[in-house]
Amino acid sequence: MVVLSQPIVDGNIAHIKTCKMAATAAKAVAIPVVDLSQSGAKTLIVEACRDLGFFKVINHRISMDFVTRLESEALKFFKLPAPEKAKSGPPNPFGYGSKVIGPNGDVGWVEYLLFSTNPDLASRNPSSTATGISLTLWEMVNEYVSAVREMACEVLEMIADELEMTTREALSRLIRDRKSDSCIRINHYPARPSLRALTGRSLIGFGEHTDPQIISVLRSNDASGLQISDGGSRWVAVPPDDATFFFIVGDSLQVMTNGRLRSVRHRVVAEGARARLSMVYFGGAPLTEKITPLEGVMEEGEESLYEEFTWREYKESAYKTRLGDDRLSLFQKSAQ
Ligand SMILES: C=C1C[C@]23C[C@@]1(O)CC[C@H]2[C@@]12CC[C@H](O)[C@@](C)(C(=O)O1)[C@H]2[C@@H]3C(=O)O
Ligand SMILES: O=C(O)CCC(=O)C(=O)O
Ligand SMILES: [Fe+2]
């Protein structure tokens, strides 16, 4: 028998949430575009981080040819038979996962690879020898992380500069640190063309959430699905753009700027017609680092909106929450 297409994620979808197609009808909000080669970039970045917590960059100097090759290599992994992929799982939290997101019962129409880039946690990544993950994929992911981290540092330095922090490196040093607790996730949302036609609803690929780290850098192929919250009750569809990188403000950056920059809720709706592949680098602080408003940002006499915590404390707390929970509210002073 010739297998023309294999079910990339196994059978039953009954437990995955759906949303009405109407909810996905995008409000016309322009996604801010920042040209990194322009002198006014830092002002535009900070404006976008205050308004939406989200923007995309052009003229970023990362080779798109390399990124496309990495994407094909990742797709080769996702096309492997399920038992081969399962050798790299279950995610704990790192490794291959299918439908299950995190440890607390969240599910979505997604399969993924999640790796830590923190050398101290490397032993928790799937071992490169027995997993179905090719050596080429490992090497390319590492090279990608280095390039994207550098771009994230450049952006964080512009933010520090614009907000008049004490040094340009006040933020970037945290993710340049050898002990930076960062990770990379490759998400694959298989195509499922019949669903929308049959039910008029779309499957939730990755439920709504904020990213806990400082900043996330997202790149996807040209399949749609990503939506961001406008801060109110509306979802804004983000038109895919495979030549750019999207930046997402994380909870830690919201705290370090005492709420000036805001972490944005986002989700992926698996629209079904085309498979979506996204790669997200999450830039996090070292585990022992205090996540607290930074000097230079605060006005005289201004108090922190948050209790003091380390990244380790925040991360441990985050991993006890469901994906859509408001994790920061647990640390908000007004909450007590
Ligand atoms: C449900 C969960 C998945 C998550 C850990 C958590 O308990 C809550 C935060 C989730 C999140 C969202 C952003 C990133 O994709 C992620 C890797 C992260 O750091 O926080 C995931 C976690 C995960 O998938 O393990
Ligand atoms: O796949 C995407 O486009 C977004 C995924 C995401 O938000 C995440 O992995 O945290
Ligand atoms: Fe996210």
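Thresholds applied
Residues numbered from 1 in each chain as written. Chains lettered and ligands numbered in written order. Predicted model: local features only at pLDDT ≥ 70, side-chain atom pairs only at ≥ 80, totals over all residues. Heavy atoms only, no water. UniProt positions renumbered as here; feature names shortened; annotations may be inferred. Near = heavy atom within 4 Å. Polar contact = N/O pair within 3.5 Å; in protein donor to acceptor, adjacent residues only side chain to side chain. Areas by Shrake-Rupley, 256 points an atom, 1.4 Å probe, with all protein chains shown as cover. Core = buried A, V, L, I, M, F, W, Y, C linked by side-chain atoms within 4.5 Å. Buried < 20%, exposed > 50% of the residue type's maximum accessible area, 1.4 Å probe, protein only. Helix = DSSP H or I, 4+ residues; strand = E, 2+ residues; numbered from the N terminus. Axes fitted to C-alpha atoms, helices over the stretch in contact; angles between N-to-C directions. Parallel < 35°, antiparallel > 145°, perpendicular 65-115°, else oblique. Contact = heavy atoms within 4.5 Å. Donors = N, O, S within 2.8 Å, 3.2 Å for Na, K, Ca; no water. Pairing = 2+ DSSP bridges.

- For the chain, an unreviewed UniProt entry supplies the name gibberellin 2beta-dioxygenase and the organism Salvia divinorum.
- In UniProt, the chain has this text filed under Catalytic activity (unreviewed entry): "gibberellin A1 + 2-oxoglutarate + O2 = gibberellin A8 + succinate + CO2".
- The UniProt entry for the chain carries this comment under Sequence similarities (unreviewed entry): "Belongs to the iron/ascorbate-dependent oxidoreductase family. GA2OX subfamily."

## Some remarks on the site of ligand 1
Alright, step 1. Taken together, 18 residues sit near ligand 1, with Arg185, Gln213, Ala318, Tyr319 and Thr321 positioned nearest.
Alright, step 2. One of the backbone nitrogen or oxygen atoms of Ala318 is found 3.2 Å away from an oxygen atom of ligand 1.
Alright, step 3. Between ligand 1 and Thr321 there is a distance of 3.0 Å, counted from an oxygen atom to a backbone nitrogen or oxygen.
Alright, step 4. Considered on its own, ligand 1 offers 470 Å² of accessible surface; in the complex 98% of this is hidden by protein.

## Comments concerning the nonpolar core
Alright, step 1. Membership of the largest hydrophobic core comes to 67 residues, with the highest contact counts inside it found for Ile159, Phe245 and Phe247.
Alright, step 2. Among the elements that line this core, the one with the most residues is helix H5 (residues 135-162), at 15 residues.
Alright, step 3. Ranked by size, the runner-up nonpolar core spans 24 residues in total, among them Tyr112, Tyr189, Phe246 and Val268.

## A word on the packing of helix H2 (residues 41-51) against H5
Alright, step 1. The N-to-C vectors of H2 and H5 enclose an angle of 85 degrees; their axes lie 9 Å apart at closest approach. When the interaxial angle is binned, H2 and H5 end up roughly perpendicular. Taken together, the residues of H5 that come into contact with H2 (itself represented by Ala41, Lys42, Thr43, Ile45, Val46 and Cys49) are Val155, Met158, Ile159, Asp161 and Glu162.

## Observations concerning the coordination of the iron ion (ligand 3)
Alright, step 1. Summarising the metal site, the iron ion (ligand 3) is bound by the protein donors His209 (NE2), Asp211 (OD) and His266 (NE2), whose distances to it range over 2.1 to 2.2 Å.
Alright, step 2. Each donor residue of the iron ion (ligand 3) belongs to the same chain, and together they define the spacing H-x1-D-x54-H. Placement of the pair is Asp211 in the loop between strand S7 (201-209) and strand S8 (215-220) and His266 in strand S12 (residues 266-270), with a sequence separation of 55 residues. Judged on exposure class, the residue Asp211 and its partner His266 are both buried.

## Overview of the pairing of S8
Alright, step 1. In terms of burial, S8 is largely enclosed, as six of its six residues are buried.
Alright, step 2. Taking every second residue as pointing to the same face, both faces of S8 are buried, with Ile215, Val217 and Arg219 on one and Ser216, Leu218 and Ser220 on the other.
Alright, step 3. The pairing of S8 with strand S11 (residues 245-249) spans four bridges and is antiparallel. Bridge pairing in S11 links Ser216 to Ile248.
Alright, step 4. Of the strand pairs in this sheet, S8 and strand S13 (residues 276-283) are connected by six bridges, and their pairing is antiparallel. Bridge assignment links Val217 to a residue of S13, and that residue is Tyr281.

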